[in-house]
Amino acid sequence: MNAHTKVHGAHGDFAVEAKGLVKRFKSGRGFVEVLKGVDFDARHGDLTMVMGPSGSGKSTLIAALSGLLRPEKGQVDALDVDNLWKLSPGRIDKFRLDHCGFIFQGFNLFPALTALQQVETVLKYQGLSKDRARKRATLALEEVGLGPRLHQKPSSLSGGEKQRVAIARALAKDPKILFADEPTSALDGENGQVVIRLLRRAASDHGAAVICVTHDPRLEAWADRVIHIEDGVIVSDERRVPDPNAVLASHH
Ligand SMILES: Nc1ncnc2c1ncn2[C@@H]1O[C@H](COP(=O)(O)OP(=O)(O)O)[C@@H](O)[C@H]1O
Ligand SMILES: [Mg+2]
């Protein structure tokens, strides 16, 4: 165990604990229920993988857990917060800014900013001075192997490099919870492997609770825990021993 994982909040080993999450969307004159009473938890230091086919509710689950999308029913406890959805919208945003990192399939980078600026911006928004933000951002980018790319904009970076910028941006603030939504879907096997290994390290070395949703079963090899969701219901939940050196076979 490393030093990070010993600093746990009010919920012990659990970074996130959710009970009875129900999320419905309007559909024609009625509703579709996309989360049908989901119980979910994730531990500090674990790479928790949520697998399920497209449309099974994975992105909706992440949004409900992270304070982005209010569920109709249920409760989310996260770090020291009991019932995240009882907080004011401003406090929910602050919680997300202070403690959560996000990585998405589409990278979500600002086209006009260099790699360094993408990461610095988040840190400055968090209140770091210009100098400290620059140092932290540089280190974070070096940690993902982008030391030589600091001053390039997204248009001159490959897909794998863009995703590494997004990971550096998420990890630079040392988040306690890292949400990744299909982080490897837009990447080839080789770049996908770089990304999943970085997520593995965020859990093992930084002690983050990494919650990664994907429909790619090949990512299982790196996980401490694999949860399957189908049609808004969790159908299985198993702990396993991760293989940090697993190889993600190329698509080609
Ligand atoms: N904002 C929305 N309005 C209406 N339906 C939605 C909305 N977001 C998602 N859905 C529907 O909810 C279901 C689950 O979506 P999602 O959580 O994105 O699944 P996944 O991430 O597993 O592919 C899908 O059928 C989707 O069409
Ligand atoms: Mg999705």
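Draft legend 1. Here's a closer look at the pattern of salt bridges. Applying the stated criterion across every chain yields a total of 15 salt bridges. One salt bridge connects Asp93 with Arg96, and the closest N-O pair in it is separated by 3.2 Å. Within this pair, Asp93 and its partner Arg96 are both found in helix 2 (residues 89–99), separated by 3 residues, close to a single helical turn. The salt bridge partner of Glu120 is Arg134, with a shortest N-O separation of 2.5 Å. Here the residue Glu120 occupies a position in helix 3 (residues 115–125), and Arg134 occupies one in helix 4 (residues 130–143), the gap between them amounting to 14 residues. Classification of Glu120 as buried rests on a relative accessible area of 3%. Here the residues in one salt-bridge network are Asp41, Arg225 and Asp237, joined through shared partners.

Draft legend 2. Focus on the packing of aromatic side chains. All told, the structure shown has 2 aromatic pairs when counted by the stated rule. An angle of 10 degrees between the planes, with centres 5.9 Å apart, marks the rings of Phe102 and Phe104 as stacked. A relative accessible area of 28% places Phe104 in the partly exposed class. Seen from their ring centres, Phe102 and Phe179 are 5.3 Å apart, and the 20 degrees between their planes marks the pair as stacked. Placement of Phe102 in strand 5 (residues 100–104) and of Phe179 in strand 6 (residues 177–181) is noted, with a sequence separation of 77 residues between them. Since its relative accessible area comes to 16%, Phe102 is described here as buried. Feature note: the residues Phe102, Phe104 and Phe179 constitute an aromatic cluster, connected by ring pairs.

Draft legend 3. Spatial organisation of the environment of Ser204. Along the chain, Ser204 falls in helix 6 (residues 189–204). Spatially, the C-alpha atoms of Ser204 and Leu47 are 8.2 Å apart, while their sequence positions differ by 157 residues.

Draft legend 4. Up close: the packing of helix 5 (residues 159–171) against helix 6. Packing of helix 5 against helix 6 brings their axes to within 9 Å, and their N-to-C directions diverge by 10 degrees. Classified by the interaxial angle, the pair formed by helix 5 and helix 6 is roughly parallel. The residues of helix 6 that touch helix 5, namely those facing Gly160, Gln163, Arg164, Ile167 and Leu171, are Asn191, Val194, Val195, Leu198 and Ala202. Along the lines of polarity and charge, the residues of the contact of helix 5 with helix 6 split into 6 nonpolar, 3 polar and 1 charged.

About the thresholds
Residues numbered from 1 in each chain as written. Chains lettered and ligands numbered in written order. Predicted model: local features only at pLDDT ≥ 70, side-chain atom pairs only at ≥ 80, totals over all residues. Heavy atoms only, no water. Salt bridge = Lys/Arg side-chain N within 4 Å of Asp/Glu carboxyl O. Helix = DSSP H or I, 4+ residues; strand = E, 2+ residues; numbered from the N terminus. Buried < 20%, exposed > 50% of the residue type's maximum accessible area, 1.4 Å probe, protein only. Phe/Tyr/Trp six-rings, centres within 6.5 Å; stacked < 30°, edge-to-face > 60°. Axes fitted to C-alpha atoms, helices over the stretch in contact; angles between N-to-C directions. Parallel < 35°, antiparallel > 145°, perpendicular 65-115°, else oblique. Contact = heavy atoms within 4.5 Å. Nonpolar A, V, L, I, M, F, W, Y, C, P; charged D, E, K, R; others polar.

Treat this as a map of the structure, not an account of what it does.
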